[in-house]
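Spelled out from the first residue to the last, the chains are:
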Amino acid sequence: MKFEYRWVIAYDKETGERVHFTTCPKNNALFYREKYLIDGYDARILTDEEVDEIIASEKKKSPSLQHKPLRTESVENTPAIR
């Protein structure tokens, strides 16, 4: 069975900087979003395409990102909720 995956990114409420992220099956994304909200962060659920747009935007703003890896995968090994 093939799952669609989503990125869940936690942002510091004070600075707006990313502090945590998770990739997970689409049907688990709300769980991780709520977990980050309970932990006191803002959180967004994003598709691969949306993350790629953010990376491209940040890459344009910061030339120092030109030589750094653009992505780190972090797939959670949790069973899908049905």
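Treat the numbers as computed from the prediction; the structure is a model and nothing was measured.

1. What to know about the pairing of strand β1 (residues 5-11)
Counted residue by residue, β1 has six buried out of seven residues, so it is predominantly covered. Relative to strand β2 (residues 18-25), β1 is paired through seven bridges, and the arrangement is antiparallel. Opposite W7, over in β2, you have T23 as the bridge partner. Hairpin connection between β1 and β2: a loop of six residues separates the two successive antiparallel strands, and G16 in this loop has a positive phi of roughly 80°. Looking at chain direction, β1 and strand β3 (residues 42-46) are connected through five bridges and run antiparallel. Following the sheet pairing, A10 is matched in β3 by A43.

2. Quick look at the nonpolar core
Core analysis: the largest hydrophobic core is formed by seven residues, namely V8, A10, C24, A29, Y32, Y36 and A43. Looking at this core, the elements with two or more residues in it are β1 and α1 (29-38). When residues no more than four places from it in sequence are discounted, the contact partners of A43 are I9, A10, R33, Y36 and L37. Within the second largest apolar cluster, six residues are counted, among which are W7, I9, Y11 and I55.

3. Thoughts on the sheet that holds β1
Read from one edge of the open sheet, three strands run β2-β1-β3, paired in antiparallel fashion. Of all strands in the sheet, those with a lone pairing partner are β2 and β3, marking the two edges. Averaged over all pairs of adjacent strands, the angle between strand axes in this sheet comes to 20°, irrespective of strand direction. Where helix α2 (residues 48-61) meets the sheet, its contacts fall on β1, β2 and β3, and the angle it forms with β3 comes to roughly 115°.

4. Topic: the environment of D48
Checked against the element boundaries, D48 lands in helix α2. For the pair D48 and W7, spaced 41 residues apart in sequence, the C-alpha separation works out to 7.1 Å.

5. Details of the pattern of salt bridges
Summed over the entire model, instances satisfying the criterion amount to four salt bridges. The residue E34 makes a salt bridge to R33 at a minimum N-O spacing of 3.2 Å. The shortest N-O distance in the salt bridge between D39 and K35 comes to 3.1 Å. Under the relative-accessibility criterion, D39 is labelled partly exposed at 44%.

6. A few points about the confidence of the model for the chain
In the predicted model, the chain carries a mean pLDDT of 83, and 74% of its residues have values of at least 70. The spread of mean pLDDT over the elements of the chain runs between α2, the lowest at 90, and α1, the highest at 98. Contacts for the low-pLDDT stretch residues 78-82, under 50 throughout, to residues beyond four places or in other chains number nine contacts.

Calculation rules
- Residues numbered from 1 in each chain as written.
- Predicted model: local features only at pLDDT ≥ 70, side-chain atom pairs only at ≥ 80, totals over all residues.
- Heavy atoms only, no water.
- Buried < 20%, exposed > 50% of the residue type's maximum accessible area, 1.4 Å probe, protein only.
- Helix = DSSP H or I, 4+ residues; strand = E, 2+ residues; numbered from the N terminus.
- Pairing = 2+ DSSP bridges.
- Core = buried A, V, L, I, M, F, W, Y, C linked by side-chain atoms within 4.5 Å.
- Contact = heavy atoms within 4.5 Å.
- Axes fitted to C-alpha atoms, helices over the stretch in contact; angles between N-to-C directions.
- Salt bridge = Lys/Arg side-chain N within 4 Å of Asp/Glu carboxyl O.
- pLDDT = per-residue confidence, 0-100.

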